[in-house]
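As a plain string of letters, each chain reads:
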Amino acid sequence: MASAQQLLRSQRDLLLNWTCDHPAPLLRWLHDAEVLSSPQYLSLLERSPVNAVAQALETVCAMEESSQKFLLVLREVQDYYCGDLQVWVERHCRRDAVSKPVAEPVKVEDKKPKGPFAKLLKGKSKRFTPTPEVKAKEELKPGRSVKLANIRVPISAHKTTLLKRTEQLKCYSEGEGMASNSASHIEIRYTDLFVTEDNDLVDSSQHEYFDLASRRARIYVHQACQRIRPCHLLSPEATSGRSPKRVKVKGIAGIGKSIAVQRLVYEWAIGKSMREFTCVFDLRFRELNLIEAPLSLMELLGERFRYLKAVLPDLFASPSSLLFILDGLDEFKFPLDWNSPGKNIDVNTKVPVSELMVALIKGSFLPEASVILTTRPSTEAPKHFFQKCCVVLGFEEDQVKEYTSKFYKDSKVAEKVYDYISNNDNLFVLSFIPLYCYIICTAMAEFFSSGTHDVGDSKSLELNPPRTVSEVYFCYLFTAVKHHALRGSAERSTPRSEVLSLAKQQLTNLGKLAYENLLQKKIMFTTADLENYGVTPADVQSTFLCHILQPLKEETVEMFSFFHLTVQEHLAALYCSINLFSEEDIIQALDFWCFGVHPPSSIAAPLQNTDLNMDKLESLQMFTRFFMGLLRARLAGQLDGLVLSPMEHGDGIPTRLGVWFQDQFKGRKLENQTALNLLHCLTEFHMKEATSIAAPEIKTLNLFKMKLSVVDCAAMHYVLQFSPHKLQELNLGYSNIGNRGLNRLGPILHRCESLYLRYNCLDRQAAILESAILRSNECQVKKLFMCGNNLGPEGVLELWNALEHNTTVEELYLDITGITERGTENIVNCLSKNTSLKTLTIVGNDIGDKGRRRLKELGQSRPGLRIIANFVDDLGLLQAYLDWVEEIRVDRDQMDSVKNADALQSVLKGLKLAGEQVEKGENAEKAKELHTKIVELLKTSTDMTGQR
């Protein structure tokens, strides 16, 4: 018998001809069989199909063992290819001719079934021994083999169609520094996402980016980070061992939900994941929007997947083998009634499409089928309908680095860009959102690619990369305009103003579309919408608009949306920045966008026909930041080419804006998020004349429970550094700023009279930083709250040393900070020399008998110092902890945001210890009440965790 090696060499041309149209399944299975290494596999995916298969055959034929593996692989993937190849496989690829099977998760006795849909065909070949389960089913359904034969060909066509639709990802092409609307194979570009359990505590009025940033700050430090591949969404739960039937995947725009779904479908179609499903139906809500008349599920799927129409009845006969992927619930225009009593419907019942989707999601229809739903946080989909709920958080730091390295072909450029991102707080926080990462990398390519020098600017672009968010987006837009749409008329040396002037009309029309619809929270547009604003739909694929707008075109629908919500916000801000012509226009616009004050009268286009509900104000926060950044760009002449005339009294605008910000801080009682947004606006404007006027008016800043990011801390630092006065109070309690955020604030902390840093994920390094502040001759801190941070004994020793010569601190709160007996070693020596400290709270720490003796000794040497070491020592402290427990009970987010379960256990331990010393009196009763409520809260938390 001829060897496998000889056979393949002799049949090479035939095999090449049969497989070259679509080599992806063959190459993937060869890689997983270890015939192709990962570098070889990824390299072949970038080649033309014919060259990829030719090179793979050359590699395979080099050795007999790899040739045998190839024949085994060919059996598995034959259904993706023509009938002639299947006949050839039947003749030449007998199992007894090879010695080593390809490892696969499908259990068979002596060989595997043909084709990647193994479960369905298990036991159907005469060479297989059916499993008992299959035998039983066959006895019940004698006609099943006929149905399987009917299903095989349409399912193969379905998988091939899905593969061709999902195997490409849009990407940036570096060629000659030119951005293009190109694509790359999903195996090359896809980067795994970071997901965690969803606690369903989202304020839908908040901008999605801010909610995610705050949630991420929480999870990064405190929750177990679960990094999953999409196919693991349906993996059995650890507690029950059962696979969930209904899964909700939530995440903001651009976080990667649809790409994850694309990867999921790709993995199933190529036969490598979720092989328990006979068929996967992927449906997009934006396409379902066009279905006005009632219809049945059979009709819907028959129209969407026409090649499956004849076999749908056979597929529905086994609903447990079906998976429905419903992508983008937030884009669905029809109302969803989750509380309606479900109708008794079947696959042939005609109902409105909204009712059909609700029934499918709830499980009142086809409960045995599996459903994965993706949606934005702002869209309601009740959690109790799902056995598993996840929130997608985008990338971790390692994935940002991986994505950057995949984005650029030049590894040196990738390294430069990643270093710049990781060292810039604004860009670093943005980069964990995959779509932001794409925007950043596209913008940065212009600055870090070798040989990029803009003759129209005086400096090398590599020396002037963007620092703020608005600068990144403007660079992205400018790159798209310069190197894609206008490549026929704009050389690399063309000045910026000339490039912008060539695109002026398109950008103006696009900006108006973005702005007027942003006010209404409208993100989806019809062809008619675009035409009404002078945007030509036909230009979307052929001009720079391919980087701005994306067509949502399926088999029956054509809609458009901006590439990302923030791209719409940026273009809206650009439109406003070039269409406001005076100080008064700008002030009226800011009053309108920030506080809902409708402009009295103005001829400026952005202030005409303004219709905005007050409940939509928070959704304009990112837009206002973009506007301030672009306003600075206009004043600096960077938007020349888009504006015909300079702004009236342009030189006086920074001063006038400084007075406006000053008035807001002085005259308004600002909500937390509003105050923070004004700080960000000043940061994006980045002009000393304005900030130095506004900053001194900030006397107190209360951002309690705001869940701040490093970027937020950077904005606070930027503004407050311009104030010469002390800050009466800076309350960052429960903000989860971490060491990195505290470091960013470090230069201004010495000027805070009352500094609240409770429960902020701080550790010994934070204690060292705070100690340096207390040692400073400029220190003005009088009250310092560090409760609930894991400072540990080493960190607290640093604080005692710093307080030895400090003359400002009067109150120090160190409850539940991980102090042990060792942490009290130098407390007597240091604090007995301190003359300013009047109150020291140190409850909830396990300082031991020796530590308590040291505190007693300190009290004797410092009779004027009030030391609270036991919970029962102070009635006010007990009441404060009762209030704290009630806060947690009402706001479950606190239990997730910090390690409050551990903190509560520490309080219980402290109460038990104190209770042994005090049995009667008001304090004792209060302590018992606190003990009871903590036990109840912990029990409730444990029960909820168990249910999840």
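A quick note: this is a predicted structure, and the numbers were derived from the prediction, not measured. (Residues numbered from 1 in each chain as written. Predicted model: local features only at pLDDT ≥ 70, side-chain atom pairs only at ≥ 80, totals over all residues. Heavy atoms only, no water.)

**Some remarks on the overall build of the protein**
Put simply, the rule is: Only DSSP runs of H or I reaching four residues or more are called helices, and only runs of E reaching two or more are called strands; each is numbered from the N terminus. Partly exposed describes any residue whose relative accessible area lies between the buried limit of under 20% and the exposed limit of over 50%, with all areas from a 1.4 Å probe on protein chains only and scaled to the type maximum. By definition, residues are in contact when any of their heavy atoms lie within 4.5 Å. Here, Shrake-Rupley sampling with a 1.4 Å probe gives the accessible areas, and only protein chains in the shown set may cover a residue.
Along the backbone of the protein there are 41 helices and 18 strands. Scored against the burial criterion, the 948 residues of the protein give a buried share of 60%. Relative to all contacts within the protein whose residues are 6 or more apart in sequence, the contacts with residues 24 or more apart total 76%. A total accessible area of about 39,000 Å² is found for the protein, and carbon and sulfur atoms account for 49% of it.

**Here's the deal with the pattern of salt bridges**
Going by this rule: Each reported salt bridge corresponds to a side-chain nitrogen of Lys or Arg within 4 Å of a carboxyl oxygen of Asp or Glu.
Going through the model one piece at a time under the given rule, you end up with 28 salt bridges. With its nearest N and O atoms 3.3 Å apart, the salt bridge here joins Asp-32 to Lys-272. Residue Asp-32 is found in helix α3 (residues 24–32), and its partner Lys-272 is found in the loop between α13 (257–269) and β6 (279–284); the two are separated by 240 residues along the sequence. By relative accessible area, Asp-32 is classed as partly exposed at 33%.

**Remarks on the side chain of Asp-712**
The cut-off we apply is this: Think of a polar contact as two N or O atoms within 3.5 Å of one another; within protein, one of them needs to be a possible hydrogen donor and the other a possible acceptor, and neighboring residues in sequence only count if both atoms come from side chains.
With respect to the secondary-structure elements, Asp-712 resides in helix α32 (residues 710–720). Reaching out from Asp-712, the side chain makes a polar contact with the backbone nitrogen of Ser-709 at a distance of 2.9 Å. Setting aside chain neighbours within four positions, we find Asp-712 in contact with Leu-676, His-680 and Lys-707.

**Details of unusual backbone geometry**
Here the phi dihedral of Leu-366 falls at roughly 50°; this positive angle occurs in a residue that is not glycine. Within the secondary structure layout, Leu-366 lies in the loop between α17 (353–362) and β8 (370–375). Judged by its relative accessible area of 12%, Leu-366 is buried. Phi is positive for Cys-761, close to 60°, though the residue is something other than glycine. Examined against the element boundaries, Cys-761 turns out to sit in the loop between β14 (752–756) and α34 (764–775).

**Side note on helix α37 (residues 848–861)**
To keep things clear, this is the line we draw: Given the number of residues in a helix, its expected span is that number minus one, multiplied by 1.5 Å. Picture the helix axis, draw a direction to every C-beta atom, and the arc is the one those directions span.
For α37, spanning 14 residues, the distance from its first C-alpha to its last is 20 Å, which sits close to the expected 20 Å at 1.5 Å a residue. Buried within α37 are the following residues: Gly-848, Gly-851, Arg-854, Leu-855 and Leu-858. Projected onto a plane normal to the axis of α37, the buried residues spread over an arc of 100° and lie on a single side. Away from its buried face by more than 90 degrees, α37 exposes Arg-853, Lys-856 and Gln-860.

**Quick look at the pairing of β8**
Our working definition: The pairing criterion is simple: DSSP has to find at least two bridges between the two strands.
Burial analysis of β8 places six of its six residues in the buried class, the great majority of the element. By the bridge criterion, five bridges tie strand β5 (residues 246–250) to β8 in an arrangement that is parallel. Counterpart to Val-249 in the pairing with β8 is Thr-374. Taken together, the four bridges between strand β7 (residues 322–327) and β8 define a ladder with parallel strand orientation. For Leu-323, the partnering residue across the bridge sits in β8 and is Ser-370.

**With respect to the pairing of strand β9 (residues 388–392)**
By the criterion of burial, β9 is predominantly enclosed, with five of the five residues buried. Side chains Lys-388, Cys-390 and Val-392 project from β9 onto one buried face, and the interleaved Cys-389 and Val-391 project onto a second face that is buried too. Across four bridges, β5 lies against β9 in parallel orientation. Bridge pairing links Lys-250 to Val-391 in β9.

**Regarding the nonpolar core**
Defined as follows: Think of a nonpolar core as a cluster: buried Ala, Val, Leu, Ile, Met, Phe, Trp, Tyr and Cys residues, connected wherever their side-chain atoms sit within 4.5 Å.
By size, the foremost hydrophobic cluster in this structure holds 228 residues, and its most contacted members are Trp-593 and Trp-800. Among residues more than four places away in sequence, those in contact with Trp-800 are Leu-812, Leu-814, Gly-823, Thr-824, Asn-826, Ile-827, Cys-830, Leu-831, Leu-840 and Ile-842. Within the second largest apolar cluster, 45 residues are counted, among which are Cys-279, Trp-338, Met-357 and Ala-359.

**As for helix α19 (residues 411–422)**
An α-helical turn contains 3.6 residues, so any two residues separated by three or four positions project in the same direction. Under the 1.5 Å per step criterion, the end-to-end length of α19 is 16 Å for twelve residues, consistent within 8% with the ideal 16 Å. Buried within α19 we find Val-413, Ala-414, Val-417, Tyr-418, Ile-421 and Ser-422. In an axial view of α19, the angular spread of the buried residues amounts to 155°, which keeps them on one side of the axis. With respect to the buried face of α19, the exposed residues turned more than 90 degrees away are Lys-412 and Glu-415. Capping the start of α19, Asp-410 holds a side-chain oxygen 2.9 Å from the backbone nitrogen of Lys-412, two or three residues further along.

**A word on the environment of Leu-360**
Following the sequence through the fold, Leu-360 ends up in helix α17. What makes Leu-360 buried here is its relative accessible area of 1%. Leu-360 sits 114 residues away from Arg-246 along the chain, and the two C-alpha atoms are 9.5 Å apart. Dropping the residues within four chain positions of it, Leu-360 is found in contact with Arg-246, Phe-324, Leu-326, Phe-365, Leu-366 and Val-371.

**Some details on the sheet that holds strand β17 (residues 839–841)**
Picture the strands of a sheet paired through backbone hydrogen bonds; they go either parallel or antiparallel. For clarity, the cut-off: In this analysis, axes come from line fits to C-alpha atoms, helices being fitted only over the stretch in contact, and the angle between any two N-to-C directions falls in the range 0 to 180 degrees.
Across the sheet, seven strands lie side by side as β12-β13-β14-β15-β16-β17-β18; this open sheet has parallel pairing. In this open sheet, the two edge strands, each paired with only one partner strand, are β12 (700–702) and β18 (866–868). If you compare each strand with its neighbour and ignore which way they point, the axes differ by 10° on average.

**Digging into the packing of helix α26 (residues 565–579) against helix α28 (residues 621–635)**
Convention followed: For this classification, under 35 degrees means roughly parallel, over 145 means roughly antiparallel, 65 to 115 means roughly perpendicular, and everything else is oblique. Here a crossing is called left-handed whenever its near helix is offset anticlockwise from the far helix by less than a right angle, and right-handed whenever the offset is clockwise. When residue character is reported, Ala, Val, Leu, Ile, Met, Phe, Trp, Tyr, Cys and Pro are called nonpolar, Asp, Glu, Lys and Arg charged, and the others, Gly included, polar.
Two elements in contact, α26 and α28, have axes separated by 8 Å at closest approach and are oriented at 45°. For the element pair α26 / α28, the angle class is oblique. Regarding α26 and α28, the two cross each other, and that crossing is right-handed. Each of Thr-566, Glu-569, His-570, Ala-572, Ala-573, Leu-574, Cys-576, Ser-577, Ile-578 and Asn-579 in α26 lies in contact with α28, whose residues at this interface are Met-622, Phe-623, Phe-626, Phe-627, Leu-630, Leu-631 and Arg-634. Here the contact of α26 with α28 is built from residues that sort into eleven nonpolar, four polar and two charged.

**Some details on the packing of helix α18 (residues 397–407) against α19**
Running from N to C, α18 and α19 cross one another at 145°; their axes reach a closest spacing of 8 Å. Handedness of the α18/α19 crossing: right-handed. Contact residues: α18 offers Glu-397, Val-400, Lys-401, Thr-404 and Ser-405, while α19 offers Ala-414, Val-417 and Tyr-418. Taken together, the residues of the contact of α18 with α19 break down into four nonpolar, two polar and two charged.

Note that every value here comes from positions in space, so none of it alone points to a role or purpose.
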